[in-house]
Amino acid sequence: MVRVVIDLQGAQTSFSRNRGVGRYTIELVKAMALDSRGNEIIVALNGAFPDTIEAIRAEFDSILPQENIKVWQQFFDTTAINPKNFWRKNVGELLREEFLNSLEGDIIFSTNLQEGIFDAACTSVKISPTDSLICSTLHDVVPLIYPNAYLKESTMRTWYDEKIDFIKKSDIVLTDSHSSKVEISTLLRIPMEKIHVVYPAVNHAIFKPRSIGIADKKKLLSQMNISAPFVMYAGGTDLHKNLDRLYSAWSILQKDILGSYQLVMVGDGLKREEIHHRNKLRKLGISDNVVFTGHVNDEELVMLYNLCDLFVFPSINEGFGLPPLEAMSCGAAVLASNTSSLPEVVGHQDALFDPYDDVSLAKKMERALTDSKFRDLLKEHGIQQASKFSWDMSARSLLTLFEVSVKNNSSIQKPSTRRDSIQNIINYVTSISSSLSFDDNDLINLSASIAETFCTRKDCQRTLFLDVSSIIKLDHLAGIQRVVLAICNELINNPQKIDIELVYTTPNDPEFYRADALINKILRRAQEHVSNDWMEFCPGDILLFLDLHPGVAISHQEKTQFLRNKGISVYHVVYDLIPVLKPEFFWSDLCIEFKEWLLAVSKSDGAICISRSVADELTEWLKTNSPKRLRPFKIGWFHLGADVENAVPSRGLPDDAPQVLAQLAARPSFLMVGTVEPRKGHAQTLAAFELLWADGVDVNLVIIGRQGWMVEMLLENLRPHHERGKRLFWLEGISDEYLEKIYAASTCLITASEAEGFGLPLIEAAQHKLPIITRDIPVSREVAGEHAFYFNGKEPADLARAVREWLALYQSDRHPKSHGMQWLTWKQSSQQLLDLILKE
Amino acid sequence: MLYVFQGTGIGSGMSSSIPQTIRRHIGGLLSPILARLIQFTLAHPTLKIRALDWIFRYPVLEEWLYRFAVEGGLVTRGMTVRAYSDPSKLTPNARIIYNNLKSAIELHNKRD
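In this convention, every chain numbers its residues from 1, walking through the sequence in written order. The order in which chains are written sets their letters, starting at A; the order in which ligands are written sets their numbers, starting at 1. A pLDDT threshold of at least 70 governs which residues receive local features in this predicted model, and a stricter bar of 80 or more applies before side-chain atom pairs are shown or counted, although totals over entire chains, interfaces and linings include all residues.

Novice: Sorry if this is basic, but what is going on with the overall build of chain A here?
Specialist: Numbering goes from the N terminus for both helices and strands, where a helix is a DSSP run of H or I of at least four residues and a strand is a run of E of at least two. Counting its regular elements, chain A contains 35 helices and 26 strands. When the backbone C-alpha atoms are referred to their principal axes, chain A occupies close to 110 × 65 × 45 Å. Field definition: a residue is buried when 20 or more other C-beta atoms are found within 10 Å of its C-beta, exposed when 12 or fewer are, and partly exposed for counts in between, with C-beta atoms placed from the backbone. Within the span of chain A, comprising 840 residues, buried residues form 48% of the whole. Our contact criterion uses C-beta atoms placed from the backbone: two residues qualify when those atoms are within 7 Å. In chain A, the proportion of contacts linking residues at least 24 apart, taken out of those at least 6 apart, comes to 76%.

Laid out in C-alpha cells, this is it:
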C-alpha cells in the first residue's frame, strides 16, 4: 500500500482553479480516490484560500474520508510577484514542505508546481530533507519556448527558473503528453526515464453528445448573441494560441461560407480583450460575423460544443489541449493544428492542419463545412478518440507508477530524515534572518500559522468540545440549561470513548476557553483551579454547541467555518423551532435573533435535535430557508434523560411545604410544570378549571414555574384569584426536592403546551407514575405514545371536557397509565448523543 | 484580527496618503479612464507584470491604486489571508513558538 500525499493548491488558486490545471487537479485526484486500489490518498490544502476549502471538501465528500483532507495555515502573503514578500515566500515554502513531510507519505504529489506568482500559493521541492518521493507535474514548457511573451520581466523569470529548479529536484516528473515530455527533456535536460506521461481527460458524464431542445437552443444562442450556424474556438488568448492566423484564415473563406457562418470565440480572456481583437477583425473586414461570448459555465460549454458545426483549435503549442478533447467528447467535428501535443490528442491525420499556413487552415475549414461526409467522419472519429482518454485510466496509470516507484525506492536503505517540524522551521527562519528582511508582524503571523498547522496539544487525543457559554453565566437554570448541565455532568463524570472538554466564549471574543468553574462544580471540587485555558482545536475534534446561546453561535460563524475548513466538525443541539414556527408566542427581537441563529446552525455540519418531531420540523424549515450548501447538512435526534437524581438536583423546602402538600392530597390535583408563558396554555387551563369549579368539580390546579413573558393579563387573574391557596396553587422557583414531593402528591399532569421541543414533564410524570392529560401535538405522541390522555381544541371548554372525561376514566381506573412510558436516563441520553456524534 | 484581501498580488495596505485634491479629480473626471486603464492592464499578462513591477516601487501609489481597484470592483477578492498584528492575540502555543523564534533569531544575531 502506498500513502500518497497530494498538494491540491492547483485547485485553489485564482490563477488555476478555473482553468485546465484546476480541472486536472480535481478530476485526477477524485479518480485516484475513487479507485485507490488499497492505496491511501491524503489531500493537502492551503488555508490561505479559505473560500475554496468547503468546495473541495464537498467534491471529495463521499469518496474520501474528510479526515484525509488536511489543511495547513498560512496567515501571511507570499505572492511572488511582490518582491517585498521574499522572506514570507521562503518561509511559506518551508512551512508547506514541513507540513507535507509531517503527513508521512510515501509520495508527495504536486499537481502543479507553477503556482504562487499572483497569489499566496507556495510550492517548492526538497528545501527540507524528506523521506518521501517527490512527484511534480509540469504541464508544459510554453514560457521557455516563448520567453519574450512570458519571461521578459526579471521577477517573473526568477520565479519561473526557481520552479524549474524544483521540477529538476523532483524524483518523478509528470507531464500531459509525449510531445511535452520531449520538450521538457530537451529544454530542461531531464532524463527521459524520469518523465512520465499521464494524460488529462474529460469527464465523460458531462462532456457527451446531447440532444438539445429547440427552446434551450434558442435561449442559449440568443443569450450568446449567436444568430447563425457557427464555428467555435474555446481557450485562452496567449500568443501561441495563434488566433491571428485563425482570423486571417476566416477572412479568406469563400464568401458564401462567410455569409452563412459565425465564428464564436469562447472564453473569459477573449471577452476582456474584445476591443483589441475587434480592431484586428475590423481590419480584415470580418468583425460582423465574429462573436465573443465571455465566460460560459460547463453546462453552456457542453451545449455550445454540441451545437457547433465545427470546432477549430489553431494553437501552435499545447502541453495537452483540453478544449479539442472536450469538443470531440461532445461529438463535435474538430480540426486542430499538427504541432506539439495536438496530433496525440486529436489522433487523426485528416483533422490536422499546418498552423503557420492560413490557406491550409481555411481550406480545411471549408472542407469540413461543405463536405458533410468528411464532417461526419470527424465527428465519429472524435467520439471514438475521446473515449481513449478517461480520468479513471489516468488515475490507474499514475497509481501504478507510484506503486512501482515506491517499491523501487524502499529497496534503497536510507536513514530517516523525519524531525521535529516546528524546530525545523525555527532553525530555518533563524538561518535566513540575517540576510532577508522581515518584521515582528511576520514572526507573529508565522507563529500563528505554525501553531494552527501542527497540532501542538499534548497527547493530541480526539476531543469533543461542549460549548456551555450560556449556563456558565447564569445563576439559575431553566429547561435548556438543566439539560446542558445534566449531559455535561454525565459526560464529565464517566469515562468516554473521546476526551471531553467544556468550553465557553462570548459574542465579542473569537476564541474558546476551558470552562473550569463549571467543571469544578460538576466534579464537586473546590474552585481552586480556575485557569480558563485558551482551547486549541485540532483536526478530528468536534465542537458541539450544546448550550443555546444564539449570540455566540451567530457571532462565531466565521470562526466555526475556519474550524470546519481545518477539519473540526461543528454541530448544534436544536431544542425547538418554536420562535420561527409560532412567533406569536414571543417578542419580535427574539424571533429575529432565533432565525439568524438557525441560519448560523444551517451553515455548520449538522444539528442534533432533542426529538424526532423537532428533527422533522427542522428538515421542513431548511427546505425553504437553508442557505446554499455544498456538503449535506446532517440532522439527527436523541431523547433527553429524565432521572432527576443524576441531574445535579437542587435542594430545600419552603416553610409552608407540609401544608401545601396536605392540601394537594385532599382532592385530585392537576399539575402543570414549566415557565408561565403564552404557549404553555396556562390561560386556557385556568379558565377550564374555573368552569370546573363553577360546575362543582372539586379539584386542585397546581402551577409550578416562574413567570415568563407576555403573560401580564393572565397574572392579573392568577395572582389575586379567589381560589389561590385553596384549590389553585402557583409555586415559583421551587427546588428539585420540593418538585419531587409535589409530583408524589399530585393526581395528574396537564401539559397544555401548543408547541414543545421535547416535553420533559411528560417523562418526569411517568417516572412518578403520574397520569397525563396532554395536548395532541406530534412531540407528545412521540414521547408519551399510548400512555397519555390527549385533548384537542383551544377553548377552555375543550380542556374542561377532557378533564371531566379523564376523571370519569380515572374513577373506574380506565385512564391511560403513564408508567409504561419508555424514557431514558441521562446516562442513556448522553450516550445516544455521543453515539450520534461519533457515528459521523 | 485584521483581514487583508489580495486579488492581483498588489500589496495589502489600504490607507491612502494621496492628496485630497488629486483624489477628488480622479474621483470625478479621471476615474472612468483610470478604471479602463487598470482593466486593460490586468487583461494583458505581460503588461500586468510590468505595471506591477513598477507600481511596487511606489508604495503609496500602490496602496491607493489597489484601493481604487477594489472599490471599483476591478479586482476580485479571490484570496483571504488572515493576519495577526498583536502577539497577545496569539494562542498560548503560538505565543510559545513566537517567543522561541524571537530568542533563536536574537541568539543567532548575537553570534554573528
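Novice: Sorry, what's going on with the overall build of chain B here?
Specialist: Across its full length, chain B carries 4 helices and 2 strands. A total of 112 residues make up chain B; the buried ones form 23% of that total.

Novice: What is the right way to read the sheet that holds strand E10 (residues 290-294) of chain A from this model?
Specialist: Strand pairing in a sheet is mediated by backbone hydrogen bonds. Such pairs are either parallel or antiparallel. Residue and element names in this part refer to chain A. Only strands that DSSP links by at least two bridges are regarded as paired with each other. Here 6 strands make up an open sheet; going across it, the order is E10-E9-E8-E11-E12-E13 and the pairing parallel. Unpaired on one side and paired on the other, E10 and strand E13 (352-353) mark the two borders of the sheet. Judged from the 2 bridges that link them, strand E12 (residues 334-337) and E13 form a sheet pairing that is parallel. Residue pairing in the sheet places Ala336 in a bridge with Leu352 of E13.

Novice: Can you help me understand the confidence of the model for chain B in this one?
Specialist: Note: predicted coordinates in regions of low pLDDT should not be interpreted at a detailed level. All names here are of chain B. Per-chain confidence: chain B averages 66 in pLDDT, with 53% of residues scoring 70 or above. Element-level pLDDT for chain B is lowest in strand E1 (residues 2-6), with a mean of 26, against a maximum mean of 91 in helix H4 (residues 92-111). Overall, residues 1-21 carries pLDDT values under 50, and its contacts beyond four positions in sequence, including any with other chains, amount to 59 contacts. Low pLDDT, under 50, characterises residues 76-81; the stretch is placed with 25 contacts to residues that sit more than four places away or in other chains. The predictor's confidence in any single residue is recorded as pLDDT, a number from 0 to 100.

Novice: Would you mind showing me how to read the packing of helix H29 (residues 682-694) of chain A against helix H34 (residues 796-811) of chain A here?
Specialist: In a pair of packed helices, the angle between the axes and the distance between the axes together describe the arrangement. Residue and element names in this part refer to chain A. A fitted line through C-alpha atoms serves as each axis, taken over the contacting stretch for helices, and the angle formed by two N-to-C directions is quoted from 0 to 180°. The N-to-C vectors of H29 and H34 enclose an angle of 60 degrees; their axes lie 8 Å apart at closest approach. In this view, H29 runs oblique relative to H34, as classed from their interaxial angle. Every pair of crossing elements has a handedness; the one defined by H29 and H34 is right-handed. Of the residues in H34, those touching H29 at Gln684, Thr685, Ala687, Ala688, Leu691 and Leu692 are Pro796, Ala797, Leu799, Ala800 and Val803. Note on residue classes: Ala, Val, Leu, Ile, Met, Phe, Trp, Tyr, Cys and Pro are nonpolar, Asp, Glu, Lys and Arg are charged, and everything else, Gly too, is polar. Residues belonging to the contact of H29 with H34 are distributed by class as follows: 9 nonpolar, 2 polar and no charged. Here the word oblique covers every angle except those under 35 degrees (roughly parallel), over 145 (roughly antiparallel) and from 65 to 115 (roughly perpendicular). What makes a crossing left-handed is the near helix being turned counterclockwise from the far one by less than a right angle; a clockwise turn instead makes it right-handed.

Novice: I'm lost on H34(A) in this one. Help?
Specialist: In an α-helix, one turn spans 3.6 residues, which is why side chains three or four residues apart end up on the same side. Residue and element names in this part refer to chain A. For H34, spanning 16 residues, the distance from its first C-alpha to its last is 22 Å, which sits close to the expected 22 Å at 1.5 Å a residue. Turning to H34, its buried residues are Leu799, Ala800, Ala802, Val803 and Trp806. Each buried residue of H34 sits inside an arc of 160 degrees when the element is viewed along its axis, so together they form one side. Turned more than 90 degrees from where H34 packs its buried face, Ala797, Ala808 and Gln811 sit exposed. On its buried face, H34 sits against strand E21 (669-673), H29, strand E24 (748-751), strand E25 (772-775) and strand E26 (789-791). Positive phi appears at Asp813, one or two residues downstream of H34, with a value of about 55 degrees. Expected span, for any helix, means 1.5 Å times one less than how many residues it has. It is the directions from the helix axis to the C-beta atoms that the arc portrays.

Novice: How should the domain arrangement of chain A be read in this particular structure?
Specialist: Note: interface size is frequently given as the accessible area lost on complex formation between the parts. Residue and element names in this part refer to chain A. Each domain's limits were defined by an automated method or a database of domain assignments. Along its sequence, chain A is carved into domain 1 (3-201 + 417-451), domain 2 (214-389), domain 3 (462-641) and domain 4 (651-811). Among the secondary structure elements, those contributing two or more residues to the side of domain 1 that touches domain 2 are helix H4 (142-145) and helix H7 (178-188). Of all the elements, H7 adds the most residues to the side of domain 1 that touches domain 2, at 3 residues. For the side of domain 1 that touches domain 2, the class distribution of residues is 7 nonpolar, 7 polar and 2 charged.

Novice: Please clarify how the environment of Leu640(A) should be interpreted in this entry.
Specialist: All names here are of chain A. If you trace the backbone, Leu640 turns up in the loop between strand E20 (634-637) and helix H28 (657-666). Sequence spacing of Leu640 and Asp371 is 269 residues, and the spatial spacing of their C-alpha atoms is 76 Å. If we ignore the near neighbours within four places in the chain, the residues touching Leu640 are Val483, Ile610, Phe758, Leu760 and Ser829.

Novice: What is the right way to read the sheet that holds strand E23 (residues 728-731) of chain A from this model?
Specialist: Residue and element names in this part refer to chain A. What the 6 strands build is an open sheet, ordered E23-E22-E21-E24-E25-E26; its pairing is parallel. Two strands close off the open sheet at either side, each with one partner strand: E23 and E26. Taken over all neighbouring pairs, the strand axes of this sheet differ in orientation by 20 degrees on average, direction set aside. With 3 bridges joining them, E25 and E26 adopt parallel strand pairing. Of the residues in E26, the one forming a bridge with Ile773 is Phe789.

Novice: Please explain the environment of Gly636(A) as it appears in this structure.
Specialist: If you trace the backbone, Gly636(A) turns up in strand E20. Sequence separation between Gly636(A) and Ile608(A) is 28 residues; the distance between their C-alpha atoms is 4.8 Å.

Novice: What's the story with the nonpolar core in this structure? I'm lost.
Specialist: Nonpolar side chains in soluble globular proteins generally cluster together in the buried interior. Residue and element names in this part refer to chain A. Counting 148 residues, the largest nonpolar core has Val43, Phe311, Val334 and Met365 as the members making the most contacts within it. Here this core takes 8 residues from helix H1 (residues 20-34), the largest share from any one element. For this core, the two domains that each supply at least three residues are domain 1 (3-201 + 417-451) and domain 2 (214-389). The contact partners of Met365, leaving out residues within four places of it in the chain, are Val231, Ala249, Leu253, Leu310, Val312 and Leu335. In this description, a nonpolar core means buried residues of the types Ala, Val, Leu, Ile, Met, Phe, Trp, Tyr and Cys, linked to one another by C-beta atoms lying within 7 Å. In this structure, Ala486, Leu563, Ala752 and Leu760 belong to the second largest nonpolar core, which totals 107 residues.

Novice: Sorry, what's going on with helix H27 (residues 612-625) of chain A here?
Specialist: Residues and elements named next belong to chain A. A rise of 1.5 Å per residue sets the reference length of H27, with its 14 residues, at 20 Å; its end C-alpha atoms lie 20 Å apart and thus fit the reference within 8%. Residues of H27 that are buried: Ser613, Val614, Glu617 and Leu618. Seen along its axis, H27 keeps its buried residues to an arc of 130 degrees; they face one direction. Within H27, the exposed residues directed more than 90 degrees away from the buried face are Glu620 and Lys623. Looking at the buried residues of H27, the elements they touch are strand E18 (569-574), helix H25 (578-581), strand E19 (606-609), E20 and helix H33 (778-784).

Novice: Is there a simple way to explain the pairing of strand E14 (residues 463-467) of chain A in this structure?
Specialist: Looking along a regular strand, one sees side chains alternate from face to face of the sheet. All names here are of chain A. Counting buried positions along E14 yields 5 of 5 residues, so the element is predominantly enclosed. A two-sided burial pattern is seen for E14, the buried positions comprising Thr463, Phe465 and Asp467 on one face and Leu464 and Leu466 on the other. As paired elements, E14 and strand E15 (residues 499-504) share 5 bridges and run parallel to each other. Among the inter-strand pairings, Leu464 is bridged to a residue of E15, identified as Ile500. Where E14 lies against strand E17 (residues 542-545), 3 bridges are found, and the strand directions are parallel. Its bridge partner being in E17, Phe465 is matched across the sheet by Leu543.

Novice: What exactly am I supposed to notice about the pairing of strand E22 (residues 700-704) of chain A here?
Specialist: All names here are of chain A. Counting buried positions along E22 yields 5 of 5 residues, so the element is predominantly enclosed. Both faces of E22 are covered, namely the face carrying Asn700, Val702 and Ile704 and the face carrying Leu701 and Ile703. Crossover handedness for the path E21 to H29 to E22: right-handed. Bridging between E22 and E23 involves 4 bridges; their strand directions are parallel. When the strands point away from the viewer and the path from the first strand over the helix to the second turns clockwise, the crossover is right-handed.

Novice: Hey, could you run me through unusual backbone geometry in this one?
Specialist: Note: most peptide bonds trans; most residues except glycine with negative phi. All names here are of chain A. Phi is positive for Glu104, which is not a glycine, with a value near 55 degrees. When you line up the elements, Glu104 lands in the loop between helix H3 (86-102) and strand E4 (107-110). Its identity as a non-glycine residue notwithstanding, Lys126 has a phi of 55 degrees, on the positive side. Structurally, the position occupied by Lys126 is in the loop between E4 and strand E5 (133-137).

Novice: Before we go on, may I ask you to explain the packing of H3(A) against helix H20 (residues 440-453) of chain A in this structure?
Specialist: Residues and elements named next belong to chain A. The interhelical angle for the contact between H3 and H20, taken along N-to-C directions, is 10 degrees, at an axis separation of 11 Å. For the element pair H3 / H20, the angle class is roughly parallel. Residues Trp87, Arg88, Val91, Leu95 and Phe99 of H3 form the contact with H20, whose own contacting residues are Asp442, Leu446, Ser449, Ile450 and Thr453. Of the residues assigned to the contact of H3 with H20, the class counts are 6 nonpolar, 2 polar and 2 charged.

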